[in-house]
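# Analysis of the macromolecular model
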Amino acid sequence: MFFNLFLRLRDFIEEKKSWMILSIILFFLEGSALYIQYEFHAQPCLICVQQRAIIALMIILSFFGMFFRNSKKCLIFIGGLILSIMSIMILAFKQIQMQISPQKVDVCSSETPFPSWLPLHKWIPGIFSPRGSCAEVNFDIHGYSLSQILLVIMFFILASLLFSFASKIKKR
């Protein structure tokens, strides 16, 4: 059973269906964040906004990866995805630490994290404008904060991509 799983993971990056599944998962994560924000009035914090921007980048990378999955360019997109996932995991871990032991002063500011040449907070303020506190747990699912859930999801995606990446390099 596990051997079949490893064989499937090895071939992950060469199958269009796998890239589509990854894109759907990423769209689901973005959509879930927006649904929670607008349906439950949970205001996004600076870290949440940064994670949203990275997930949007991952969606773009996964589409390019799908079209270039059988070329060497695919390794660039996989590398970008791996770095993006690691960035999200670092941000999620940082936010979990803030939520577990909030400090007297929230170190998460409401300043925009975007450079002047890419002002996402001005272009799409409903999605990329931070208004909440990073230490506050606005919404949880069965006692787990969204950061904790995102950390677990990203861990599994990262493990799959790393295994596929290593297998693809080994084949070359």
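Reading guide: rules and limits
- Counting restarts for each chain: residues are numbered from 1 in the order of the written sequence.
- Predicted model: local features are reported for residues with pLDDT of at least 70 only, side-chain atom pairs are reported and counted for 80 or more only, and whole-chain, interface and lining totals are derived from all residues.
- Remark: hydrogens and water are excluded; side-chain values derive from all non-hydrogen atoms of the structure.
- For helices, the axis comes from a line fit to the C-alpha atoms of the stretch in contact; other axes are also lines fit to C-alpha atoms, and the angle between any two N-to-C directions lies between 0 and 180 degrees.
- To qualify as a helix, a DSSP run of H or I must reach at least 4 residues; to qualify as a strand, a run of E must reach at least 2; elements of each kind are numbered from the N terminus.
- Orientation categories follow fixed angle ranges, with anything under 35 degrees roughly parallel, anything over 145 roughly antiparallel, 65 to 115 roughly perpendicular, and all other angles oblique.
- Left-handed describes a crossing whose near helix is turned anticlockwise from the far helix by less than a right angle; the clockwise case is right-handed.
- Any pair of residues with heavy atoms lying within 4.5 Å of one another is described as a contacting pair.
- Amino acids outside the nonpolar list (Ala, Val, Leu, Ile, Met, Phe, Trp, Tyr, Cys, Pro) and the charged list (Asp, Glu, Lys, Arg) are all regarded as polar, and Gly is one of them.
- We call Phe, Tyr and Trp rings a pair once their centres come within 6.5 Å, taking the six-membered ring for Trp, and we label the pair stacked below 30 degrees between planes, edge-to-face above 60, and tilted otherwise.
- Like-charged residues are merged into a patch within 9 Å and nonpolar side chains (Val, Leu, Ile, Met, Phe, Trp, Tyr) within 5 Å, provided each residue has over 30% relative accessible area and no salt bridge.
- In these tables, accessible area is a Shrake-Rupley quantity obtained with a 1.4 Å probe, and a residue counts as shielded only by the protein chains included in the view.
- A side-chain nitrogen of Lys or Arg and a carboxyl oxygen of Asp or Glu constitute a salt bridge if their distance falls within 4 Å.
- Note on exposure labels: buried denotes an accessible area under 20% of the residue type's maximum, exposed denotes more than 50%, and partly exposed covers the range between, all computed with a 1.4 Å probe on protein chains only.
- On a range of 0 to 100, pLDDT expresses the predictor's confidence in each residue.

## Comments concerning the packing of helix 2 (residues 16-39) against helix 3 (residues 46-67)
Their axes nearest at 9 Å, the elements helix 2 and helix 3 cross at an angle of 160°. Comparing their axes, helix 3 and helix 2 come out roughly antiparallel. Relative to helix 3, the crossing made by helix 2 is left-handed. Across the interface between the two elements, K16, W19, M20, L22, S23, L26, F27, L29, E30, A33, L34 and Q37 of helix 2 pack against R52, I55, A56, M58, I59, L61, S62, F63, G65 and M66 of helix 3. Grouping the amino acids of the contact of helix 2 with helix 3 by side-chain chemistry returns 15 nonpolar, four polar and three charged.

## What about the packing of aromatic side chains?
Aromatic ring pairs are defined here through the distance separating the ring centres and the angle between the ring planes. Scanning the model with the defined rule gives four aromatic pairs in all. For the pair F64 and F77, a centre-to-centre distance of 5.6 Å together with 10° between the ring planes defines the contact as stacked. Of the two residues, F64 sits in helix 3 while F77 sits in helix 4 (residues 73-100), which places them 13 residues apart along the sequence.

## Notes on the side chain of S23
With respect to the helices and strands, S23 occurs in helix 2. In this view, S23 contacts S62 and F63; residues no more than four positions away in its chain are not counted.

## So, a nonpolar patch on the surface
Judged by side-chain polarity, M20, I24, F27, I60, F63, F64, F67 and F68 come together as a nonpolar surface patch covering roughly 770 Å² of accessible area. Of all the secondary-structure elements, those providing two or more residues to the nonpolar patch are helix 2 and helix 3. Among the elements that make up the nonpolar patch, the one with the highest residue count is helix 3 (four residues). Following the sequence through the fold, I60 ends up in helix 3. The exposure class of I60 is partly exposed, given its relative accessible area of 46%.

## Overview of the side chain of S145
With respect to the helices, strands and loops of the structure, S145 is situated in strand 2 (residues 144-145). When neighbours within four sequence positions are excluded, S145 is seen to be in contact with Q99, V137, F139 and D140.

## A closer look at the confidence of the model for the chain
Confidence along the chain averages 79 in pLDDT terms, with 81% of residues attaining 70 or more. Within the chain, helix 1 (residues 2-10) has the poorest average pLDDT of any element, 53, and helix 3 the best, 88.

## Concerning the environment of F77
Judged by relative accessible area, which is 14%, F77 ranks as buried. For the pair F77 and M58, spaced 19 residues apart in sequence, the C-alpha to C-alpha distance is 9.0 Å. With residues near it in sequence (within four places) discarded, F77 still touches L61, F64, G65 and F68.

## Some remarks on unusual backbone geometry
Trans is the prevailing form of peptide bonds, just as negative phi is the prevailing case for residues other than glycine. At H41, a position not held by glycine, the phi torsion is positive, near 55°. We classify H41 as exposed; its relative accessible area is 62%. For H142, which is not glycine, the phi dihedral falls at a positive 55°. With respect to the helices, strands and loops of the structure, H142 is situated in the loop between strand 1 (140-141) and strand 2. With relative accessibility at 77%, the residue H142 sits in the exposed group.

## Structural notes on the environment of S129
Relative to the assigned elements, S129 resides in the loop between helix 6 (125-128) and strand 1. The spacing of S129 and Q50 is 79 residues in sequence and 9.7 Å in space, taken between C-alpha atoms. When near neighbours in sequence (up to four residues on either side) are disregarded, S129 contacts P44, V49 and H121.

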